[in-house]
Amino acid sequence: VGCRLLRGIPQGSRFSPFLCALHMGAGDGRLPADVAESLGSGRSALVRLVDDFLYLSTEPGSCCNFLSCLAQEENPYQGDLNWQKCAGNFPFCCLESSQDPCFVPTSQRLPPSSTEVPWAGLTLAPAK
């Protein structure tokens, strides 16, 4: 017994990642000025595998600005951030006292093993 598709495309279709890339690319163009400036300056880089983000920066505050942007109800990518899946190789916390969660760097020290970050089936670690 087959099903008739009424809307959208089936998940797993070869066309799905292409449409996702178009949607996410449009979101890149709607990033707030501070995040876009950090990306444009070369101090930060954004890598994405379909809908998994990897934000690289030499400045923890820049990473927290990006996370805070994604945590907003009305964010550039029009999706929900599962902040419990967020990982970083610097200490940060999420302040949920306001309407939208806000990420901030903290001063606590991480053990050396905590500097590794899992992403898209890989484990990334800073060069020693």
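Along each chain, residues carry numbers from 1 onward, in the same order as the chain's sequence is written. Two thresholds apply to this predicted model, a pLDDT of at least 70 for residue-level local features and 80 or more for giving and counting side-chain atom pairs, whereas whole-chain, interface and lining totals are computed over all residues. The side-chain values count all of the structure's non-hydrogen atoms but skip hydrogen atoms and water molecules.

Novice: Describe the overall build of the protein, naming the residues involved and giving the relevant values.
Specialist: The helix and strand labels rest on DSSP assignments: H or I over at least four residues marks a helix, E over at least two residues marks a strand, and numbering proceeds from the N terminus. Per the secondary structure count, the protein includes 3 helices and 6 strands. In terms of its C-alpha atoms, the protein occupies a principal-axis envelope of roughly 55 × 30 × 30 Å. For each residue, the accessible area found with a 1.4 Å probe, counting protein chains only, is set against the maximum for its type, and the residue is called buried under 20%, exposed over 50%, and partly exposed in between. Every one of the 128 residues in the protein was classed for burial, and the buried ones make up 23%. Contacts are assigned to residue pairs with any non-hydrogen atoms lying within 4.5 Å of each other. Long-range contacts, defined here as pairs at least 24 residues apart, represent 44% of the contacts in the protein between residues at least 6 apart. Approximately 9,100 Å² of the protein is accessible, and the part contributed by carbon and sulfur atoms is 54%. Lys and Arg are tallied as positive, Asp and Glu as negative. Neither His nor the chain termini are counted. Here the site of a charge means NZ on Lys, CZ on Arg, CG on Asp, or CD on Glu. Computed over 9 positive and 12 negative side-chain charges, the inter-centroid distance for the protein is 10 Å. The Shrake-Rupley method, run with a 1.4 Å probe sphere, supplies the accessible areas, and residue values consider only the shown protein chains as cover.

Novice: Explain the layout of surface pockets to me, using residue names and the numbers behind them.
Specialist: Over the atoms rolls a probe the size of a water molecule, and its path tells where empty space is left. Using protein atoms alone on a 1 Å grid, points that fit a 1.4 Å probe yet trap it form a cavity, whereas open point sets bounded by protein on both sides within 12 Å along at least five of seven lines form a pocket; residues with an atom within 4 Å of a point count as lining. Grid points are joined across faces, edges and corners, and a volume is the space filled by probe spheres set on the points. Of the pockets and cavities examined, the largest pocket occupies roughly 990 Å³. Listing elements by their share of the lining of the largest pocket, those giving two or more residues are strand 2 (52-57), helix 3 (60-71) and strand 5 (117-119). The element contributing the most residues to the lining of the largest pocket is strand 2, with 6 residues. The residue makeup of the lining of the largest pocket, split by class, is 23 nonpolar, 8 polar and 5 charged. Roughly 190 Å³ of internal volume is contained in the second largest pocket. Residue lining of the second largest pocket: Q11, G12, S16, L19, C20, H23, M24, V50, D51 and Y77, and that is the complete set. Across the lining of the second largest pocket, the residue classes tally to 5 nonpolar, 4 polar and 1 charged. Put simply, Ala, Val, Leu, Ile, Met, Phe, Trp, Tyr, Cys and Pro go in the nonpolar bin, Asp, Glu, Lys and Arg in the charged bin, and everything else, Gly too, in the polar bin.

Novice: Account for the nonpolar core, with residues named and values stated.
Specialist: Taken as a class, soluble globular proteins show a tendency for nonpolar side chains to be buried jointly. Nonpolar core, defined: a set of buried Ala, Val, Leu, Ile, Met, Phe, Trp, Tyr and Cys residues in which side-chain atoms within 4.5 Å join the residues together. If you look at the biggest cluster of nonpolar residues, it comprises 16 residues, and the most contacted ones within it are L31, V35, Y55, F66, Y77 and F103. Looking at this core, the elements that each hand over two or more residues are helix 1 (15-28) and helix 3. In terms of residue count, helix 3 provides more of this core than any other element does, 7 residues in total.

Novice: Describe in detail the environment of L22, supporting the description with residues and values.
Specialist: Turning to its location among the elements, L22 is positioned in helix 1. Take L22: its relative accessible area is 51%, and that puts it in the exposed class. Separated by 39 residues in the primary sequence, L22 and G61 have C-alpha atoms spaced 28 Å apart.

Novice: Just give me the short version of the side chain of S68, but keep the residues and values in it.
Specialist: Looking at where S68 falls in the secondary structure, it is placed in helix 3. Residues within four places of S68 in sequence aside, it is in contact with P101, C102 and F103.

Novice: Please give an account of the packing of aromatic side chains that cites residues and values.
Specialist: Think of it this way: a Phe, Tyr or Trp ring, Trp meaning its six-membered ring, pairs with another when their centres are within 6.5 Å, and the plane angle makes it stacked under 30 degrees, edge-to-face over 60, tilted otherwise. All told, the structure shown has 6 aromatic pairs when counted by the stated rule. Each ring, one from F53 and one from F66, has its centre 5.7 Å from the other, and the planes form 65°; the classification is edge-to-face. With F53 in strand 2 and F66 in helix 3, this residue pair connects regions lying 13 residues apart in the sequence. For F53, a relative accessible area of 23% corresponds to the partly exposed category.

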